[in-house]
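Summary of the model geometry
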Amino acid sequence: MIKFPGSNKFKTAVFISGKGSNFKSLVKFSLTRNSPISIKLVVSNNINAKGLWFAKQKKIERKIYKFENKIKNENQILNHLKKNKIKLICLAGFMIILSKNFIKKFKGKILNIHPSLLPKYKGLNTHERAIHNNEKFSGCTVHFVSSKLDSGKIVLQKRVRIYKYDTAKTLAKKVLKQEHLLYPKAINKIFANF
Ligand code: GRF
(Lines give C-alpha, C1' and ligand atoms only; values in the text may rest on other atoms or scores of the structure.)
Protein backbone atom coordinates (compact mmCIF):
# COMPACT_ATOMS: atom_id res chain seq x y z
CA MET A 1 0.00 0.00 0.00
CA ILE A 2 1.08 3.56 -0.69
CA LYS A 3 2.40 5.44 2.33
CA PHE A 4 0.95 8.84 3.20
CA PRO A 5 3.50 10.70 5.27
CA GLY A 6 2.62 14.04 6.90
CA SER A 7 1.38 16.68 4.49
CA ASN A 8 0.36 14.16 1.82
CA LYS A 9 -2.48 12.96 4.01
CA PHE A 10 -6.05 13.68 2.92
CA LYS A 11 -7.54 16.47 4.99
CA THR A 12 -10.64 15.05 6.62
CA ALA A 13 -13.62 16.38 8.60
CA VAL A 14 -15.65 14.21 10.95
CA PHE A 15 -19.31 15.08 11.64
CA ILE A 16 -20.70 14.00 15.02
CA SER A 17 -23.76 14.54 17.21
CA GLY A 18 -23.03 12.60 20.40
CA LYS A 19 -20.53 10.45 22.19
CA GLY A 20 -18.04 10.48 19.35
CA SER A 21 -16.42 7.11 20.06
CA ASN A 22 -16.04 6.51 16.31
CA PHE A 23 -14.55 9.97 15.98
CA LYS A 24 -12.03 9.03 18.68
CA SER A 25 -11.07 5.83 16.92
CA LEU A 26 -10.70 7.73 13.63
CA VAL A 27 -8.42 10.30 15.28
CA LYS A 28 -6.27 7.51 16.73
CA PHE A 29 -6.12 5.87 13.31
CA SER A 30 -5.27 9.16 11.57
CA LEU A 31 -2.27 9.59 13.86
CA THR A 32 -0.74 6.29 12.81
CA ARG A 33 2.17 6.59 10.40
CA ASN A 34 0.65 5.04 7.32
CA SER A 35 -2.87 6.37 7.69
CA PRO A 36 -4.02 8.15 4.50
CA ILE A 37 -6.03 10.76 6.39
CA SER A 38 -5.41 13.62 8.74
CA ILE A 39 -8.36 14.92 10.75
CA LYS A 40 -8.48 18.69 10.62
CA LEU A 41 -12.02 19.49 11.66
CA VAL A 42 -14.95 18.19 13.66
CA VAL A 43 -18.45 19.47 12.90
CA SER A 44 -21.34 19.02 15.29
CA ASN A 45 -24.97 20.06 15.48
CA ASN A 46 -24.86 19.51 19.25
CA ILE A 47 -22.86 21.80 21.48
CA ASN A 48 -22.94 19.14 24.21
CA ALA A 49 -21.56 16.35 22.04
CA LYS A 50 -18.99 14.55 24.19
CA GLY A 51 -16.72 14.07 21.20
CA LEU A 52 -16.07 17.82 21.15
CA TRP A 53 -14.09 17.50 24.40
CA PHE A 54 -11.81 14.97 22.82
CA ALA A 55 -11.35 17.27 19.81
CA LYS A 56 -10.38 20.08 22.18
CA GLN A 57 -7.79 17.88 23.90
CA LYS A 58 -6.34 16.92 20.53
CA LYS A 59 -6.41 20.54 19.30
CA ILE A 60 -8.67 19.71 16.37
CA GLU A 61 -10.77 22.61 15.12
CA ARG A 62 -14.42 22.41 16.23
CA LYS A 63 -17.37 23.96 14.43
CA ILE A 64 -20.88 23.88 15.84
CA TYR A 65 -23.93 24.56 13.71
CA LYS A 66 -27.39 24.29 15.23
CA PHE A 67 -29.02 23.41 11.90
CA GLU A 68 -32.04 25.60 12.65
CA ASN A 69 -31.51 26.89 9.14
CA LYS A 70 -30.18 23.88 7.26
CA ILE A 71 -29.42 25.55 3.92
CA LYS A 72 -27.59 28.43 5.58
CA ASN A 73 -25.54 26.12 7.82
CA GLU A 74 -24.73 23.72 5.01
CA ASN A 75 -23.44 26.59 2.89
CA GLN A 76 -21.33 27.82 5.79
CA ILE A 77 -19.91 24.33 6.21
CA LEU A 78 -19.21 23.96 2.49
CA ASN A 79 -17.33 27.28 2.47
CA HIS A 80 -15.32 26.25 5.50
CA LEU A 81 -14.47 22.87 3.98
CA LYS A 82 -13.32 24.54 0.77
CA LYS A 83 -11.25 27.14 2.58
CA ASN A 84 -9.53 24.41 4.59
CA LYS A 85 -9.05 22.09 1.62
CA ILE A 86 -11.01 19.28 3.26
CA LYS A 87 -11.19 16.35 0.84
CA LEU A 88 -13.12 13.74 2.82
CA ILE A 89 -16.06 13.81 5.25
CA CYS A 90 -16.65 10.95 7.67
CA LEU A 91 -20.09 10.94 9.27
CA ALA A 92 -19.89 9.26 12.66
CA GLY A 93 -23.15 9.28 14.56
CA PHE A 94 -24.22 12.53 12.86
CA MET A 95 -27.99 12.79 13.37
CA ILE A 96 -28.74 15.36 10.64
CA ILE A 97 -29.74 14.22 7.17
CA LEU A 98 -27.64 16.24 4.75
CA SER A 99 -29.42 17.81 1.78
CA LYS A 100 -29.13 16.51 -1.79
CA ASN A 101 -27.34 19.72 -2.70
CA PHE A 102 -24.69 19.23 -0.01
CA ILE A 103 -24.13 15.61 -0.98
CA LYS A 104 -23.87 16.56 -4.67
CA LYS A 105 -21.25 19.18 -3.90
CA PHE A 106 -19.14 16.58 -2.07
CA LYS A 107 -20.05 13.65 -4.28
CA GLY A 108 -18.12 10.44 -3.65
CA LYS A 109 -16.28 12.00 -0.73
CA ILE A 110 -18.69 11.41 2.15
CA LEU A 111 -18.58 8.21 4.18
CA ASN A 112 -20.96 7.03 6.89
CA ILE A 113 -20.97 4.22 9.42
CA HIS A 114 -24.25 2.51 10.14
CA PRO A 115 -24.93 -0.04 12.90
CA SER A 116 -26.52 -2.77 10.79
CA LEU A 117 -25.75 -5.02 7.86
CA LEU A 118 -27.13 -2.74 5.16
CA PRO A 119 -29.36 -2.89 3.17
CA LYS A 120 -31.07 -4.36 6.24
CA TYR A 121 -32.30 -1.99 8.94
CA LYS A 122 -31.75 1.44 7.48
CA GLY A 123 -32.58 4.36 9.74
CA LEU A 124 -32.88 4.30 13.53
CA ASN A 125 -33.35 1.62 16.23
CA THR A 126 -31.44 -0.97 14.22
CA HIS A 127 -30.56 -3.21 17.17
CA GLU A 128 -34.12 -3.35 18.53
CA ARG A 129 -35.44 -4.32 15.10
CA ALA A 130 -32.77 -6.96 14.46
CA ILE A 131 -33.48 -8.62 17.83
CA HIS A 132 -37.22 -8.34 17.36
CA ASN A 133 -36.90 -10.17 14.03
CA ASN A 134 -34.84 -12.97 15.63
CA GLU A 135 -31.87 -12.27 13.38
CA LYS A 136 -28.84 -14.49 14.02
CA PHE A 137 -26.45 -11.77 12.86
CA SER A 138 -26.26 -8.05 12.84
CA GLY A 139 -23.21 -5.87 12.35
CA CYS A 140 -22.02 -2.62 10.88
CA THR A 141 -21.47 -1.08 7.48
CA VAL A 142 -19.27 1.69 6.12
CA HIS A 143 -20.78 3.14 2.96
CA PHE A 144 -20.58 6.16 0.69
CA VAL A 145 -23.35 8.65 1.30
CA SER A 146 -25.85 9.12 -1.49
CA SER A 147 -29.03 11.19 -1.56
CA LYS A 148 -31.02 8.15 -0.40
CA LEU A 149 -30.72 7.43 3.34
CA ASP A 150 -28.26 4.62 4.19
CA SER A 151 -28.27 3.44 0.58
CA GLY A 152 -24.94 4.48 -0.96
CA LYS A 153 -22.27 2.06 -2.19
CA ILE A 154 -21.03 -0.27 0.53
CA VAL A 155 -17.30 -0.18 1.27
CA LEU A 156 -17.01 -2.77 4.04
CA GLN A 157 -19.17 -4.69 6.50
CA LYS A 158 -18.55 -6.69 9.66
CA ARG A 159 -20.93 -9.32 11.01
CA VAL A 160 -21.69 -9.66 14.70
CA ARG A 161 -23.45 -12.71 16.15
CA ILE A 162 -26.71 -12.12 18.03
CA TYR A 163 -27.25 -14.53 20.90
CA LYS A 164 -30.55 -15.33 22.60
CA TYR A 165 -29.53 -13.41 25.69
CA ASP A 166 -28.61 -10.25 23.75
CA THR A 167 -30.56 -7.06 24.33
CA ALA A 168 -30.46 -3.93 22.16
CA LYS A 169 -27.96 -2.57 24.67
CA THR A 170 -25.55 -5.53 24.65
CA LEU A 171 -25.78 -5.79 20.89
CA ALA A 172 -25.11 -2.05 20.45
CA LYS A 173 -22.00 -2.42 22.60
CA LYS A 174 -20.68 -5.38 20.59
CA VAL A 175 -21.41 -3.69 17.27
CA LEU A 176 -19.82 -0.40 18.34
CA LYS A 177 -16.60 -2.22 19.22
CA GLN A 178 -16.51 -3.55 15.65
CA GLU A 179 -17.37 -0.12 14.22
CA HIS A 180 -14.18 1.26 15.74
CA LEU A 181 -12.18 -1.31 13.78
CA LEU A 182 -14.23 -1.22 10.59
CA TYR A 183 -14.12 2.52 9.84
CA PRO A 184 -10.30 2.73 9.65
CA LYS A 185 -10.21 -0.50 7.60
CA ALA A 186 -12.77 0.91 5.16
CA ILE A 187 -10.76 4.11 4.76
CA ASN A 188 -7.60 2.10 4.08
CA LYS A 189 -9.53 0.09 1.50
CA ILE A 190 -10.66 3.22 -0.34
CA PHE A 191 -7.18 4.69 -0.42
CA ALA A 192 -5.43 1.43 -1.29
CA ASN A 193 -6.02 2.15 -4.97
CA PHE A 194 -4.52 5.64 -4.93
C1 GRF B 1 -22.78 4.44 16.06
O2 GRF B 1 -23.40 3.24 16.39
C3 GRF B 1 -22.97 4.73 14.59
O4 GRF B 1 -22.97 3.60 13.79
C5 GRF B 1 -24.33 5.37 14.57
O6 GRF B 1 -24.36 6.17 15.74
C7 GRF B 1 -23.47 5.63 16.72
C8 GRF B 1 -22.52 6.72 17.08
O9 GRF B 1 -21.69 6.38 18.13
N10 GRF B 1 -24.56 6.07 13.33
P11 GRF B 1 -20.46 7.31 18.51
O12 GRF B 1 -20.99 8.74 18.68
O13 GRF B 1 -19.44 7.23 17.44
O14 GRF B 1 -19.98 6.77 19.82
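Residues numbered from 1 in each chain as written. Predicted model: local features only at pLDDT ≥ 70, side-chain atom pairs only at ≥ 80, totals over all residues. Heavy atoms only, no water.

**Observations concerning helix H1 (residues 21–30)**
For an α-helix, 3.6 residues make a turn, and residues three or four places apart therefore share a direction. Note the following rule: For the exposure calls, accessible area comes from a 1.4 Å probe over protein chains only, and a residue counts as buried if that area is under 20% of its type's maximum, exposed if over 50%, partly exposed in between. Under the scheme used here, helices are H or I runs from DSSP no shorter than 4 residues and strands are E runs no shorter than 2 residues, and both carry numbers assigned from the N terminus. Whether two residues are in contact is decided by their heavy atoms, any of which lying within 4.5 Å being enough.
Within H1, eight of the 10 residues are buried, which leaves the element mostly enclosed by the surrounding structure. On its buried side, H1 packs onto strand E1 (10–16), strand E2 (37–44), helix H2 (51–57), strand E4 (88–91), strand E5 (110–114) and helix H6 (168–191).

**Topic: the site of the ligand**
Stated precisely, the cut-off is as follows: Residues are classed as near a molecule or strand on a simple rule: at least one heavy atom within 4 Å of it. Whenever two N or O atoms come within 3.5 Å, that pair is a polar contact, provided that in protein one can donate a hydrogen and the other can accept it, and provided that, for residues adjacent in sequence, both atoms are side-chain atoms. Here the accessible surface of atoms and residues is derived via Shrake-Rupley with a 1.4 Å probe, and residues count as covered only by protein chains that are part of the display. Using protein atoms alone on a 1 Å grid, points that fit a 1.4 Å probe yet trap it form a cavity, whereas open point sets bounded by protein on both sides within 12 Å along at least five of seven lines form a pocket; residues with an atom within 4 Å of a point count as lining. Any molecule with more than half of its atoms within 2 Å of a cavity's or pocket's grid points is counted as sitting in it. Only Asp, Glu, Lys and Arg are considered charged in this grouping, and only Ala, Val, Leu, Ile, Met, Phe, Trp, Tyr, Cys and Pro are considered nonpolar; every other residue, Gly among them, is considered polar.
Taken together, the neighbourhood of the ligand is formed by Lys 19, Gly 20, Ser 21, Asn 22, Gly 93, Ile 113, His 114, Pro 115, Leu 176 and Glu 179. Between the ligand and Ser 21 there is a distance of 2.5 Å, counted from an oxygen atom to a side-chain nitrogen or oxygen. Coverage of the ligand by the protein amounts to 81% of the 360 Å² it exposes when considered alone. For the ligand, the cavity whose grid points lie within 2 Å of the majority of its atoms is the largest pocket. Mapped onto the shell around the ligand, the elements with two or more residues apiece are H1, E5 and H6. Class assignment for the residues of the shell around the ligand results in three nonpolar, five polar and two charged.

**Digging into the nonpolar core**
Put simply, the rule is: Here, the term nonpolar core denotes a set of buried Ala, Val, Leu, Ile, Met, Phe, Trp, Tyr and Cys residues that are joined through side-chain atoms within 4.5 Å.
Counting residues in hydrophobic clusters, the biggest one holds 33 residues, and the most contacted among them are Phe 23, Tyr 183 and Ile 187. No other element matches H6, which puts seven residues into this core. Look past the residues within four positions of Tyr 183 in its chain and what remains in contact with it is Asn 22, Leu 26, Cys 90, Leu 91, Ala 92, Leu 111, Asn 112, Ile 113 and Val 142. Counting 20 residues, the second-largest nonpolar core is a separate cluster that includes Val 43, Tyr 65, Leu 78 and Ile 89.

Note that every value here comes from positions in space, so none of it alone points to a role or purpose.
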